[in-house]
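Structural overview for review
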Amino acid sequence: MDPLRTSHSGPRKKRPRQTGASVSSTPHDIRFRDLVLFILEKKMGTTRRSFLMELARRKGFRVENELSDSVTHIVAENNSGSDVLEWLQVQNIKASSQLELLDISWLIECMRAGRPVETTGKHQLVSVRRADSAHSNPDPQRIPAHAVRKISQYACQRRTTLDNHNHVFTDAFEVLAENYEFRENEGCYLIFMRAASVLKSLPFTISSMKDIEGIPCLGDKVKCIIEEIIEDGESSEVKAVLNDERYKSFKLFTSVFGVGLKTSERWFRMGFRSLSKIRSDKSLKFTHMQKAGFLYYEDLVSCVTRAEAEAVSLLVKEAVWAFLPDAFVTMTGGFRRGKKIGHDVDFLITSPEATEEEEQQLLHKVTNLWQKKGLLLYCDLVESTFEKLKIPSRKVDALDHFQKCFLILKLDHQRVDSDKASQQDGKTWKAIRVDLVMCPYERRAFALLGWTGSPQFERDLRRFATHERKMVLDNHALYDKTKRIFLKAESEEEIFAHLGLDYIEPWERNA
Ligand code: CTP
Ligand code: MN
Ligand code: MN
């Protein structure tokens, strides 16, 4: 049966004519009963809307003329998430747990496929996540329950993957934040880090000032820069920073392993502007760390790839298991969050069976072994200062007390890619920064959470624990100040549960 001809055949004539924007009211067989579509006319126009409605119906989709409670998918064109939300609010829409707000690209893909295609982040105009806590929706009667869930000011209540739709803005904010860090202005540093962090969690690209309405952590200063970037494609302030002598010098100096703000400041004041001048200056004294930093500079500034990180992982496991066969070796840091490159490779080591002495000895034995094999290019081993009964630190950026070592290892190209070994002229290895942390087995969940990062995610977890839960969290423990007890945890999931937070997967912590 040709659906287009049925409106002229006998019995169908009696069907009441539908009202609304659709010109054609031809009945079509509904093939996909789970979906009820509504196409937004705003910015699309009547003609195109009617065309698309008819097309979708012909393909077997149920398309409503009017917005009603039964609608499950709202499709819009040239509208941002906040445009649609605003429109919905005006329509006084009742809460619906299934409502999806989608870009026209989703419908077009469905039309091509001849069936509903999965809705993914690129189609969704508003982040559609499982509701993490019912109380976070201020007014569920007026707005679709999940669609308008307020974005939290805390990174630990947002899901931030590496799929950043707002690089132009976040790159700019990170330059400004770094500049404030170099000037030891922590307040301004945090303002821009938080702004970058919240934009990284958005499922859409900001294209107008309307898009940022209702988003937290965006103060006037930040908004001005967003506006400038939307209008001119760049920010004059960022441009000025990138050309600033002090910023450029600090950026260069701190790229050397072992060089922090104090040393950079000193070198800058002494008039140094390049590393080669510093390297060859006979009057300067360098720490062991800085000497290693200069010696392996080229290798260390060229980032660690995932393949290299995996090769290091094998190296670490071989050495650790030679002494403690039951130990768990977990890659943490950026690589656990799914990053493809990193400035180092981080590992957490813990053993369920080891005695305290064996535990204390392990990093010494491992580094001694590498030393003998000629693989240890630099080693700074810090003994544990951990006290079991100490209440966690309140400082959001506090260092932890586990035994750890900051290393530079010699990684043979052959261990990464046997082809590459022969391509290299002369040098057959690469220097790689490696961090190893040893923790008592019962602390492993806290240590893992703390060492997975991102640093901004960790800061907000601690801030959230303190301000929203009257608890104190650090890399070792979680303390409930109201109940005056330590809360135990065997896994990261349990820590999130203690804090009353939805679990956020490691790859969603790239805040
Ligand atoms: N960390 C920590 N205590 C330290 C050093 C680091 O708790 N003394 C945590 C940081 O908060 C971070 C994680 O360990 O979340 C990894 O640190 P780092 O290697 O500096 O950062 P990454 O996120 O791994 O970034 P990159 O890929 O550049 O290494
Ligand atoms: Mn790291
Ligand atoms: Mn590290």
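Whatever comes next refers back to the structure up there.
Bear in mind the structure is a predicted one, so any value in this text is a computation, not a measurement. (Residues numbered from 1 in each chain as written. Chains lettered and ligands numbered in written order. Predicted model: local features only at pLDDT ≥ 70, side-chain atom pairs only at ≥ 80, totals over all residues. Heavy atoms only, no water.)

Right, let's talk about the sheet that holds strand 11 (residues 429-438) for a bit. Ordered by their spatial adjacency, five strands build an open sheet running 6-8-11-10-9, and the pairing between neighbours is mixed. Looking at strand neighbours, the two that pair on one side only are strand 6 (328-331) and strand 9 (376-382), the edges of this open sheet. When the angles between neighbouring strand axes are averaged without regard to direction, this sheet yields 25°. Where strand 6 meets strand 8 (residues 345-350), four bridges bridge the pair, whose relative direction is antiparallel. Note that in strand 8 the partner of M331 across the bridge is F347. Packed onto the sheet, helix 13 (residues 306-323) meets strand 6, strand 8, strand 10 (403-412) and strand 11 and runs at close to 165° relative to strand 6. Helix 15 (residues 356-373) rests against strand 8, strand 9, strand 10 and strand 11 of the sheet, and its axis sits at about 25° to strand 10. (Pairing = 2+ DSSP bridges. Helix = DSSP H or I, 4+ residues; strand = E, 2+ residues; numbered from the N terminus. Axes fitted to C-alpha atoms, helices over the stretch in contact; angles between N-to-C directions. Contact = heavy atoms within 4.5 Å.)

Two measures describe an aromatic ring pair: the distance that separates the ring centres and the angle between the ring planes. Considering all chains together, one arrives at 18 aromatic pairs under this definition. Each ring, one from W267 and one from F294, has its centre 6.3 Å from the other, and the planes form 35°; the classification is tilted. In this pair, W267 is assigned in helix 9 (residues 261-269) and F294 in helix 11 (residues 288-295), connecting sequence segments 27 residues apart. Considered together, W267 and F294 belong to a single accessibility category, that of buried residues. Taken together, a centroid distance of 6.2 Å and an interplanar angle of 70° make the contact between Y296 and W429 edge-to-face. Taken together, the residues Y296 in the loop between helix 11 and helix 12 (297-301) and W429 in strand 11 connect sequence positions 133 residues apart. Exposure remark for Y296: the relative accessible area of 14% places this residue in the buried category. Above the face of the W429 ring, K427 is positioned so that its terminal group lies 4.6 Å from the ring centre. (Phe/Tyr/Trp six-rings, centres within 6.5 Å; stacked < 30°, edge-to-face > 60°. Buried < 20%, exposed > 50% of the residue type's maximum accessible area, 1.4 Å probe, protein only. Lys NZ or Arg CZ within 6 Å of the ring centre and 35° of its normal.)

Only D344 (OD) and D346 (OD) from the protein coordinate the manganese ion (ligand 2), and they sit 2.1 Å from it. Separating the manganese ion (ligand 2) and the manganese ion (ligand 3) is a distance of 3.6 Å, and D344 donates to both of them. The class of D344 is buried, set by a relative accessible area of 6%. (Donors = N, O, S within 2.8 Å, 3.2 Å for Na, K, Ca; no water.)

This next bit is on the nonpolar core. Counting residues in hydrophobic clusters, the biggest one holds 43 residues, and the most contacted among them are F173, L199, L218, I226, W267 and I278. Looking at this core, the elements that each hand over two or more residues are helix 4 (167-182), helix 5 (186-200), helix 6 (220-232), helix 7 (236-242), helix 8 (245-253), helix 9 and helix 10 (275-280). Per-element accounting of this core gives the leading share, nine residues, to helix 5. Beyond its immediate sequence surroundings of up to four residues, I278 is in contact with F253, W267, F272, L284, F286 and F294. Listed in part, the 31 residues of the second largest apolar core include V312, V320, F335 and C405. (Core = buried A, V, L, I, M, F, W, Y, C linked by side-chain atoms within 4.5 Å.)

With that out of the way, let us pick up the pattern of salt bridges. This model, assessed by the stated rule, comprises 25 salt bridges. Across the pair R62 and E64 runs a salt bridge, and its minimum N-O distance is 3.3 Å. Note that E508 and R159 form a salt bridge whose closest N and O atoms lie 2.9 Å from each other. With a gap of 349 residues between them, E508 in the segment after helix 20 (492-498) and R159 in the loop between helix 3 (104-113) and helix 4 connect regions that are remote in the sequence. Judged on exposure class, the residue E508 and its partner R159 are both buried. Via salt bridges that share partners, R159, D502 and E508 belong to a single interconnected network. (Salt bridge = Lys/Arg side-chain N within 4 Å of Asp/Glu carboxyl O.)

A few words on the packing of helix 1 (residues 46-58) against helix 3. At a minimum axis distance of 11 Å, the contact between helix 1 and helix 3 shows a crossing angle of 40°. The angle between helix 1 and helix 3 falls in the class oblique. Taken as a pair, helix 1 and helix 3 cross one another with a handedness that is left-handed. Residue-level contacts link R48, L52, L55 and A56 of helix 1 to I104, L107, I108 and M111 of helix 3. Class assignment of the residues belonging to the contact of helix 1 with helix 3 gives a composition of seven nonpolar, no polar and one charged. (Parallel < 35°, antiparallel > 145°, perpendicular 65-115°, else oblique. Left-handed = near helix turned anticlockwise from the far one by under 90°. Nonpolar A, V, L, I, M, F, W, Y, C, P; charged D, E, K, R; others polar.)

A word on the coordination of the manganese ion (ligand 3). Every protein donor of the manganese ion (ligand 3) is listed here as D344 (OD), D346 (OD) and D435 (OD), and their distances to the metal cover 2.0 to 2.3 Å. Here the donor residues of the manganese ion (ligand 3) are spaced in sequence according to D-x1-D-x88-D.

Nothing here speaks to function; it is all geometry.
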